[in-house]
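Each chain is listed here by its residues.
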Amino acid sequence: MPRVLQVLDNAITLDSGDVLEGVELVGAAPATAVVNAGVNPVLSFRDLARDQLPRLLSLAQRLAGGDAEDVVQDCLLKAYRRFDQLHDAAAAPAWLTSILVNCCRDRGRTRARQPVEIDFDQVERFSLYRKIAYEDPFPYSDSLHLDFLAEFSREDVRAVLMRLPEIYRIPLVVVYMDGYLARELAEMLQVPLGTVLARLHRGRKLFETQMWEYAEQNGLLKEGAR
Amino acid sequence: MISCTQAVNQLWEYLDGTVDDAERALIDEHLGRCRRCCGELEFARELRRTLTDAAHDDLPDHVLQRLYRTLEELEP
């Protein structure tokens, strides 16, 4: 059975080399849609998405924790339906990231949990540095603050992130872990840059407060806890 | 001149390079005379590194395989 290589206006190019002209396309799903890719003349959605899957799952694990697989499934379906909007294969990683991030945001919205009430005046006044110095959890330490951080495994840090509401977690993960610029995240979420910068600021402060609470609740403030 | 609270509240932005020149000058001036805030700055740098380093995680192979299968089903 011949595969569609390219859909352009009302003409379809098949891999057999045949061109079917005057075709009326029905439905949105471009089953074997292709995109111009510079060096490679055409790439299918499957080729592009397969390369990106490990990265998308990794990002989803940090954004959505136990819901990561569902979020990536959502992302693949949405990306597949919108594949005709992607015109440059080089833009595929950022395009897929954008869809994934929005899937996470939408999932957080529709979860319809009680909105978390946060006293941002208190959060704004909190300094993890001063808290550690004041509480002095490791009295014999010469490097108290570094010793505090050394108690956290990567899993612990990700668990702390999962305590934050999505709107603050997303900027921390996408900007600090995945290296996107705040401006790029603003474009992905279609919000003003100032909104992303404000969420980053609050997210960082919340992250500090949650690092301390997590350490208290998980026994990380005892000498030799690890 | 700015207070310690004002300086500390902008340290991540300072590290990110997202403060403007005037704000940077005020923070630099404060750091030049406040040893505690220099400690805060170093700690903010380490905390940011801790966050960045936590990006590397293990991917469960069975989940990845299921997602590859989803992709096959989308585009047979």
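Residue numbers here run from 1 along each chain, matching the order of that chain's written sequence. Whichever chain is written first is A, and whichever ligand is written first is 1; the rest continue in order. Restriction of local features to residues with pLDDT of at least 70 applies here, the model being predicted, together with a cutoff of 80 or more for giving and counting side-chain atom pairs; totals for whole chains, interfaces and linings are based on all residues.

(A) Expanded view of the overall build of chain B. A tally of regular secondary structure across chain B gives 5 helices and 0 strands. In terms of overall dimensions, chain B has C-alpha extents of about 65 × 20 × 15 Å along its principal axes. The 76 residues of chain B split such that 21% are buried. Taking the intrachain contacts of chain B between residues at least 6 apart in sequence as the baseline, contacts between residues at least 24 apart amount to 57%. Runs of E in the DSSP output that reach at least two residues are strands. Runs of H or I that reach at least four are helices, and both are numbered from the N terminus. Residues with at least 20 neighbouring C-beta atoms inside 10 Å of their own are called buried, those with 12 or fewer are called exposed, and the rest are partly exposed, where every C-beta is derived from the backbone. For the purpose of contact definition, each residue receives a C-beta atom placed from its backbone, and two residues are in contact when these atoms lie within 7 Å.

(B) Spatial organisation of the domain arrangement of chain A. Residue and element names in this part refer to chain A. In this entry, domain limits derive from an automatic or database-based domain assignment. By the assigned domains, chain A splits into domain 1 (4-110) and domain 2 (120-217). Counting residues at the interface gives 11 residues for domain 1 and 12 residues for domain 2. Put simply, the parts of the chain that give the side of domain 1 that touches domain 2 at least two residues each are helix 1 (45-64) and helix 3 (92-110). With 7 residues, helix 3 is the single largest residue contributor to the side of domain 1 that touches domain 2.

(C) Structural context of the interface of chain A and chain B. Residue-level contacts link 35 residues of chain A with 28 residues of chain B. Only helix 1, helix 2 (68-81), helix 6 (144-150), helix 7 (154-162), helix 8 (166-177) and helix 10 (193-217) of chain A provide two or more residues apiece to the side of chain A that touches chain B. The element best represented in the side of chain A that touches chain B is helix 1 of chain A, accounting for 10 residues.

(D) Examining the confidence of the model for chain B more closely. All names here are of chain B. Per-residue confidence from the predictor is reported as pLDDT, which spans 0 to 100. Confidence along chain B averages 92 in pLDDT terms, with 97% of residues attaining 70 or more. For chain B, helix 1 (residues 4-8) is the element with the lowest average pLDDT, namely 90, and helix 3 (residues 21-31) is the one with the highest, namely 96. Here the predicted complex carries an ipTM of 0.89, next to a pTM of 0.81.

(E) Spotlight on the environment of Val174(A). Of note, Val174(A) is situated in helix 8. Discounting residues that sit within four places of it in the chain, Val174(A) has contacts with Val101(A), Tyr180(A) and Leu185(A).

(F) View of the nonpolar core. All names here are of chain A. Joining buried Ala, Val, Leu, Ile, Met, Phe, Trp, Tyr and Cys residues through C-beta atoms within 7 Å gives a set, and that set is a nonpolar core. Formed by 65 residues in total, the largest nonpolar core has its most connected members in Ala60, Val71, Val72, Cys75 and Leu100. Here this core spans two domains, since at least three of its residues come from each of domain 1 (4-110) and domain 2 (120-217). Once residues lying within four places of it in the same chain are set aside, the contact partners of Ala60 are Ala68, Val71, Val72 and Leu100.

(G) Structural context of the confidence of the model for chain A. Residue and element names in this part refer to chain A. Per-residue confidence for chain A averages 83 on the pLDDT scale, and 77% of its residues sit at or above 70. Long-range and interchain partners of residues 23-32, a stretch whose pLDDT sits below 50, account for 16 contacts in this model, where long-range means more than four residues apart. Across residues 37-41, confidence stays below pLDDT 50; counting only partners more than four residues off in sequence or on other chains, it has 5 contacts.

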